[in-house]
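Notes for the structure review
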Amino acid sequence: MSKFDKPALVTLSAARASPNEPSRLSALMLRHGTLELRYYVPPMPDPQTPHSRDELYVVAEGKGHFVRAGERFACGPGDVLFVAANVEHR
């Protein structure tokens, strides 16, 4: 495989059309080494528990609040949210 075997662009429309992986609440869009790009639409209430790796969330649409370790942040389209590994978040 060449070093260019991963997509350079993952569109929001492609992400929306991708099915969730079996027994997962997200669709895998890209995997490279330890990096994963997933599309996730949080159900209400959000059942997530802390993960073993750092995460970034990019808000695609809508408005809401992101809660990380007891801190609450208003967020909307285009915002990027960070949570470190093993930290409680919703």
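Anyway, here's the lowdown on the structure attached to this text. (Residues numbered from 1 in each chain as written. Predicted model: local features only at pLDDT ≥ 70, side-chain atom pairs only at ≥ 80, totals over all residues. Heavy atoms only, no water.)

Considerations on the overall build of the protein chain
Looking only at helices and strands, the protein chain has one helix and six strands in total. Its helices and strands taken in sequence order, the protein chain reads α-β-β-β-β-β-β from the N to the C terminus. By principal-axis analysis of the C-alpha atoms, the protein chain measures approximately 45 × 25 × 25 Å. Expressed as a percentage of its 90 residues, the buried residues of the protein chain come to 19%. Sequence separation of 24 or more characterises 32% of the internal contacts of the protein chain that already satisfy a separation of 6 or more. Taken as a whole, the protein chain presents about 6,700 Å² of accessible surface, with 59% of it coming from carbon and sulfur. Each charge class in the protein chain was averaged separately, 11 positive and 10 negative side chains, and the resulting centres sit 3 Å apart. (Helix = DSSP H or I, 4+ residues; strand = E, 2+ residues; numbered from the N terminus. Buried < 20%, exposed > 50% of the residue type's maximum accessible area, 1.4 Å probe, protein only. Contact = heavy atoms within 4.5 Å. Areas by Shrake-Rupley, 256 points an atom, 1.4 Å probe, with all protein chains shown as cover. Lys, Arg positive; Asp, Glu negative; His and termini not counted. Charge placed at Lys NZ, Arg CZ, Asp CG, Glu CD.)

Re the environment of Leu-28
Within the secondary structure, Leu-28 sits in strand E1 (residues 26-32). The exposure class of Leu-28 is partly exposed, given its relative accessible area of 25%. Considered as a pair, Leu-28 and Met-44 are 16 residues apart in the sequence and their alpha carbons are 21 Å apart. Non-local contacts of Leu-28, meaning those with residues more than four positions away in its chain, are made with Glu-21, Glu-36, Leu-37 and Arg-38.

What to know about the pairing of strand E6 (residues 80-83)
Side chains Leu-81 and Val-83 project from E6 onto a buried face, and the interleaved Val-80 and Phe-82 project onto a face without burial. Of the pairings in the sheet, the one linking strand E3 (residues 55-58) to E6 comprises four bridges and is antiparallel in character. The partner of Glu-55 across the bridge, within E6, is Val-83. (Pairing = 2+ DSSP bridges.)

Brief notes about the environment of Arg-38
Positionally, Arg-38 belongs in strand E2 (residues 35-40). A sequence separation of 20 residues divides Arg-38 from Ser-18, and the C-alpha atoms of the two residues are 9.9 Å apart. Beyond its immediate chain neighbours, meaning those up to four positions away, Arg-38 contacts Glu-21, Arg-24, Ser-26, Ala-27, Leu-28, Met-29 and Arg-31. In this structure the side chain of Arg-38 is engaged in a polar contact, spanning 3.0 Å, whose partner is the side chain of Ser-26. (Polar contact = N/O pair within 3.5 Å; in protein donor to acceptor, adjacent residues only side chain to side chain.)

Examining the pattern of salt bridges
Two side chains that carry opposite charge are able to pair once their charged atoms sit near each other. For the structure on display, the rule yields seven salt bridges. Across the pair Arg-68 and Glu-71 runs a salt bridge, and its minimum N-O distance is 3.4 Å. Owing to a relative accessible area of 39%, Glu-71 belongs among the partly exposed residues under this scheme. Sharing partners across several salt bridges, the network here consists of Glu-21, Arg-31, Glu-36, Arg-38 and Arg-53. (Salt bridge = Lys/Arg side-chain N within 4 Å of Asp/Glu carboxyl O.)

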